[in-house]
Amino acid sequence: MNLGMRNWLARQVKPTSTLLVGRQMSTKPRTRIMPHVDRDVLDAIERGEITAKKHPGKVSVGTSCLPEELTQAIKKVVSDTAPKNLRGDAQLLRTNLRCRALPAERADLQAKIQAHISEGVYSGEISDVDDVIAASRRSPLRKVINQRIRSWFPIDYTTYVGKLYLIARMAAEYAVLNRIFAEIQLTCPQFQPHSLYDFGSGVGTVSWIARKYWAESLQEYFCVDSSGEMNELAKLLLKGGDETVPLPISGLYYRQFLSTTVSSKYSLVTCSYSLFELPSAEIRLKTLSKLWNKTEDFLVIVEPGTKAGFQLVNEARDFIIQSDSESEHSTGVHVHSPCPHEFDCPMLKLSQGLCSSRVSYLSPAIVTNASYENEYFCYVVLRKGKREPSDNQWPRVVSHPAKRKKHTHCRLCTKDGQLTDMTFTKQKYGLTTYHCGRSLKLGDRLPAQLTETELNETDVDA
């Protein structure tokens, strides 16, 4: 055997020690995340008070419908306008609101403009942001600018636009707020607010929902909206569409501007579908700071279930948590819902990450036929004070569960600020836990604590 053949064979045959090392199994123990249903929930199931499929982690509001008196008031308010015009324009407004982008920050807009100028996109008359804003409303540069820069303009809520909003959005927003307030009442039955501060009150949807849950305890309704026409519409709805009828509730106030005084505190502060109307991040954060200073207990922030809406809600959540922690007069803050933690949102790490919930509602027959629809929304409920030790911090479902034969796959957001994927089967977790997991929907909570358990040989084979 010559030297070349010997070297070739040496390269083909590996040393015995290397072969043995390659066959060695990992000594690291295998683990599994185990859900342990809370003892109180198990006891209630055993006593027959609840079923595993209807556990307290679920917020069942069913399909929401506008109250009949509100539906009739809307019909009376819009009766002086041609239904054909309302139908088409309401659909346009709904599409515009759903596809709305965040207002571009001035520095980012200026950087885009300079890049476009260097590319020769604009003529010499465009040099800064103000020129673009002026030119975006006229030709021939209007088309070019709108193609290159997604413009944001505030919506002028006139009386006619307010009527369109009643048709396009009130049923959906009523259903969303009904779901959020129902969860607050379910998890905090002792909460009895005495005052409400509604920023961006619009046509008064929050006031209608708040009266549904806390009519006996609420003594003051303070509604702020920059549109005087929307305030008048809100009053008219409460009067049933009849101007001659007095307001049915006392302690109701309407203003067009957010007051700067912080002496007055309100049990419940809401900011629903209003952050999109503010032209910059600086103004948004200043507004949020004022609202938090006015909050005595709960602050509710709601936006559409889009990526832009999620960005606004997460911006508000992080800002309030951080600013409160840095304040010398901090009273503490924790996320009541939907997050079971105050860490950074883990959904932001995903390329298509979006934390939203869904409600079903009946769109009433006003200018179109009645129809059942779904509404996705992003929200956060912040509460003053530190989180109570008794808070169970149950994990929340953050994506639609995948239900298959004999198993259900769920993605959960845990109290550690992590995402955990779980597959519920009877064999893995037992019948009760399986039924609890099987019944989960987007936005529900699993009434269990999660622990990491080492697997034995039987579990590994299973």
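Undergrad: Run through the overall build of the protein, naming residues and quoting values.
TA: Assigned secondary structure in the protein consists of 16 helices and 14 strands. Within the protein, the proportion of its 462 residues that are buried is 47%. Taking contacts inside the protein between residues at least 6 apart in sequence as the whole, the part at least 24 apart equals 75%.

Undergrad: If you had to explain a positive patch on the surface to someone new, which residues and values would you point to?
TA: A contiguous patch of positive charge on the surface is contributed by K53, K405, K406 and K426. Along the chain, K405 turns up in the loop between strand 11 (402-404) and strand 12 (407-413).

Undergrad: Pulling in residues and values, what's your account of helix 11 (residues 228-238)?
TA: Within helix 11, burial applies to M230, N231, L233, A234, L236, L237 and L238. Those residues of helix 11 hidden inside the fold are in contact with helix 4 (68-77), helix 9 (159-187), helix 10 (205-214) and strand 4 (252-255).

Undergrad: Talk me through the side chain of D38; I want residue IDs and the actual numbers.
TA: Mapped onto the fold, D38 is located in the loop between strand 1 (31-37) and helix 3 (39-46). Ignoring anything within four residues of it in the chain, the contact list for D38 reads N392, W394, P447, A448 and Q449.

Undergrad: Describe in detail the packing of aromatic side chains, supporting the description with residues and values.
TA: Going through the model one piece at a time under the given rule, you end up with eleven aromatic pairs. Aromatic side chains Y197 and F222 sit 5.2 Å apart centroid to centroid with 5° between the ring planes, which places their arrangement in the stacked category. Within this pair, whereas Y197 is found in strand 2 (residues 195-199), its partner F222 is found in strand 3 (residues 220-224), the two being separated by 25 residues in sequence. Overall, the relative accessible area of 13% leaves F222 in the buried class. Taking the centre distance of 6.1 Å and the plane angle of 55° together, the rings of F222 and Y266 count as tilted. Separated by 44 residues along the polypeptide, F222 in strand 3 and Y266 in strand 5 (residues 266-272) bring together distant segments of the chain. By the burial criterion, F222 is buried, and Y266 matches it.

Undergrad: Break down the side chain of T420 for me, citing the residues and quoting the values.
TA: Its location among the elements puts T420 in strand 13 (residues 419-424). Exposure remark for T420: the relative accessible area of 15% places this residue in the buried category.

Undergrad: Would you mind going over the nonpolar core in detail, with residue names and values included?
TA: Burial of nonpolar side chains together is a common tendency in soluble globular proteins. By size, the foremost hydrophobic cluster in this structure holds 63 residues, and its most contacted members are I180, F181, I184, L237 and V302. The contacts of I184, once residues within four sequence positions are left out, are P189, F191, W214, F298, V300, H336 and V381. In terms of nonpolar packing, the next biggest core, distinct from the first, is built from 35 residues, L102, Y266, L291 and F310 among them.

Undergrad: Account for the packing of helix 12 (residues 281-294) against helix 13 (residues 307-326), with residues named and values stated.
TA: Contact geometry for helix 12 and helix 13: axes closest at 10 Å, N-to-C directions at 55°. Of the possible angle classes, the one that applies to helix 12 and helix 13 is oblique. Note on packing geometry: the crossing formed by helix 12 with helix 13 is right-handed. Along its contact with helix 12, which presents A281, R284, L285, L288, S289 and W292, the element helix 13 presents L312, E315, A316, F319, I320 and D324.

Undergrad: Now, about the pairing of strand 13: what can you tell me, with residues and values included?
TA: Burial of the side chains of strand 13 is restricted to one face: T420, M422 and F424 are buried, whereas none of L419, D421 and T423 on the reverse face is. Here strand 12 pairs with strand 13 via six bridges, running antiparallel. In the sheet register, C413 faces strand 13, and the bridge partner there is L419. Linking strand 12 back to strand 13 in an antiparallel pair, the connection comprises five residues, with G417 at a positive phi of about 75°.

Undergrad: Explain the packing of helix 9 against helix 11 to me, and be specific about the residues and the numbers.
TA: Closest axis-to-axis distance for the helix 9/helix 11 pair is 9 Å, and the angle between their directions is 55°. By the criterion of interaxial angle, the relationship of helix 9 to helix 11 is oblique. The two elements helix 9 and helix 11 cross, and the hand of that crossing is right-handed. Residues T159, G162, K163, Y165, L166 and M170 of helix 9 form the contact with helix 11, whose participating residues are E229, M230, L233 and L237. Split into classes, the residues belonging to the contact of helix 9 with helix 11 amount to six nonpolar, two polar and two charged.

Undergrad: Provide a residue-level description of the environment of P246, including the pertinent values.
TA: By the secondary structure assignment, P246 is in the loop between helix 11 and strand 4. Residues P246 and L236, spaced ten residues apart in sequence, show a C-alpha to C-alpha distance of 9.7 Å.

Undergrad: Describe the environment of T420, with residues and values.
TA: A sequence separation of 387 residues divides T420 from I33, and the C-alpha atoms of the two residues are 8.4 Å apart. With sequence-adjacent residues up to four places away left out, T420 is seen in contact with I33, C410, R411, L412 and T414.

Undergrad: Could you give an account of the pattern of salt bridges, with specific residues and numbers?
TA: Evaluated as defined, the whole model comprises 20 salt bridges. Close ionic contact of E46 with R39 constitutes a salt bridge, the shortest N to O distance being 3.4 Å. We classify E46 as exposed; its relative accessible area is 61%. For E342, the salt bridge identified is with R387, shortest N-O distance 2.3 Å.

Undergrad: Talk me through the confidence of the model for the protein; I want residue IDs and the actual numbers.
TA: For residues with low pLDDT, the predicted coordinates do not support detailed interpretation. For the protein, the mean per-residue pLDDT works out to 87, and 84% of the residues sit at or above 70. Scored below 50 in pLDDT, residues 11-23 shows one contact in the model against residues more than four places distant or in partner chains.

Undergrad: Tell me about helix 13, and name the residues and values.
TA: With 20 residues, helix 13 should cover 28 Å at 1.5 Å per step; its first-to-last C-alpha distance of 28 Å lies within 8% of that length. Every buried residue belonging to helix 13 is among A308, G309, F310, L312, V313, N314, A316, R317, I320, I321 and D324, and all of these are buried. Those residues of helix 13 that are buried are in contact with helix 12, strand 6 (295-304), strand 7 (333-337) and strand 9 (371-384).

Undergrad: Summarise the environment of C410; cite the residues concerned and give the values.
TA: Locating C410 in the fold gives a position in strand 12. If sequence neighbours within four positions are ignored, C410 has contacts with P401, T420, D421, M422, F424, G437 and L440.

Basis of the calculations
Residues numbered from 1 in each chain as written. Predicted model: local features only at pLDDT ≥ 70, side-chain atom pairs only at ≥ 80, totals over all residues. Heavy atoms only, no water. Helix = DSSP H or I, 4+ residues; strand = E, 2+ residues; numbered from the N terminus. Buried < 20%, exposed > 50% of the residue type's maximum accessible area, 1.4 Å probe, protein only. Contact = heavy atoms within 4.5 Å. Patch = residues over 30% accessible without salt bridge, like charges linked within 9 Å, V, L, I, M, F, W, Y side chains within 5 Å. Areas by Shrake-Rupley, 256 points an atom, 1.4 Å probe, with all protein chains shown as cover. Salt bridge = Lys/Arg side-chain N within 4 Å of Asp/Glu carboxyl O. Lys, Arg positive; Asp, Glu negative; His and termini not counted. Charge placed at Lys NZ, Arg CZ, Asp CG, Glu CD. Phe/Tyr/Trp six-rings, centres within 6.5 Å; stacked < 30°, edge-to-face > 60°. Core = buried A, V, L, I, M, F, W, Y, C linked by side-chain atoms within 4.5 Å. Axes fitted to C-alpha atoms, helices over the stretch in contact; angles between N-to-C directions. Parallel < 35°, antiparallel > 145°, perpendicular 65-115°, else oblique. Left-handed = near helix turned anticlockwise from the far one by under 90°. Pairing = 2+ DSSP bridges. Nonpolar A, V, L, I, M, F, W, Y, C, P; charged D, E, K, R; others polar. pLDDT = per-residue confidence, 0-100. Expected span 1.5 Å × (residues − 1).

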